Amino acid sequence: MSRLVPYPLLSLSLLLMWLLLTRFSLGHLILGSGIALIAGKAMAALQPAQPQIRRWGSVFRLVGIVSLDIVRSNAAVALLILNGGRHGARRSDFLQIPLTLRSQPALALLAIILTATPGTAWLEHDAETGVLLIHVFDMVDEEEWIRLIRDRYEALLLEIFE
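Looking at an unreviewed UniProt entry, one finds the chain named Multisubunit potassium/proton antiporter PhaE subunit, with Cereibacter johrii as its source organism. Regarding the chain, the relevant UniProt record gives this comment under Sequence similarities (unreviewed entry): "Belongs to the CPA3 antiporters (TC 2.A.63) subunit E family." Of the comments in the UniProt record for the chain, the one headed Subcellular location (unreviewed entry) reads "Cell membrane".

Here it is in structure tokens:
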């Protein structure tokens, strides 16, 4: 079974996402199943290292924090756009953040978190120096952003993966 479906959770998730994004029919079920199986085989060909999760409690805390931050950020960005910024003084900027995080799965998850949170975008990570470059839609205080990412996200990711 593992040869046919090497990553069953990935394949099932992709199939469910396919069916949610398209209207359900036998044709879409067959096509989505084929795509999910091919994606699972492609993932197996890449042979990614299995991430070792050290603290499951921190995973649930991170999910809660990120969910709340995404909702808050959606509201804040919507207000900025609708109101024309902070009295017209909205300033977008790039920010370099030194990270201690080195785990590839943890860095990938941080990239997803930052990209999924409206108002921020992951641009680049220098593996040698550990410096992360992000774009912030509404830059008010650089130190506050650095503290937010390092203390709120990176600290939990370190607990989970390293």
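1. With respect to the environment of His 125
Mapped onto the secondary structure, His 125 falls in strand β2 (residues 120-126). Between the C-alpha atoms of His 125 and Leu 107, which are 18 residues apart in sequence, the distance is 8.8 Å. When near neighbours in sequence (up to four residues on either side) are disregarded, His 125 contacts Leu 99, Leu 101, Leu 107, Gly 130, Val 131 and Leu 132.

2. With respect to helix α2 (residues 26-46)
Here α2 is 21 residues long and its end C-alpha atoms lie 30 Å apart, about the 30 Å a rise of 1.5 Å per residue gives. Taken as a whole, α2 has its buried residues at Gly 32, Ala 36 and Gly 40. Seen end-on, α2 carries its buried residues on one side only, within an arc spanning 75 degrees. The outward face of α2, more than 90 degrees from its buried face, is lined by the exposed residues Ile 30, Ile 38 and Ala 45. For α2, the secondary structure elements touched by its buried residues are α1 (8-21). Positive backbone phi, approximately 50 degrees, marks Gln 47, located one or two places after α2.

Conventions adopted
- Residues numbered from 1 in each chain as written.
- Predicted model: local features only at pLDDT ≥ 70, side-chain atom pairs only at ≥ 80, totals over all residues.
- Heavy atoms only, no water.
- UniProt positions renumbered as here; feature names shortened; annotations may be inferred.
- Helix = DSSP H or I, 4+ residues; strand = E, 2+ residues; numbered from the N terminus.
- Contact = heavy atoms within 4.5 Å.
- Expected span 1.5 Å × (residues − 1).
- Buried < 20%, exposed > 50% of the residue type's maximum accessible area, 1.4 Å probe, protein only.
- Arc of directions from axis to C-beta.

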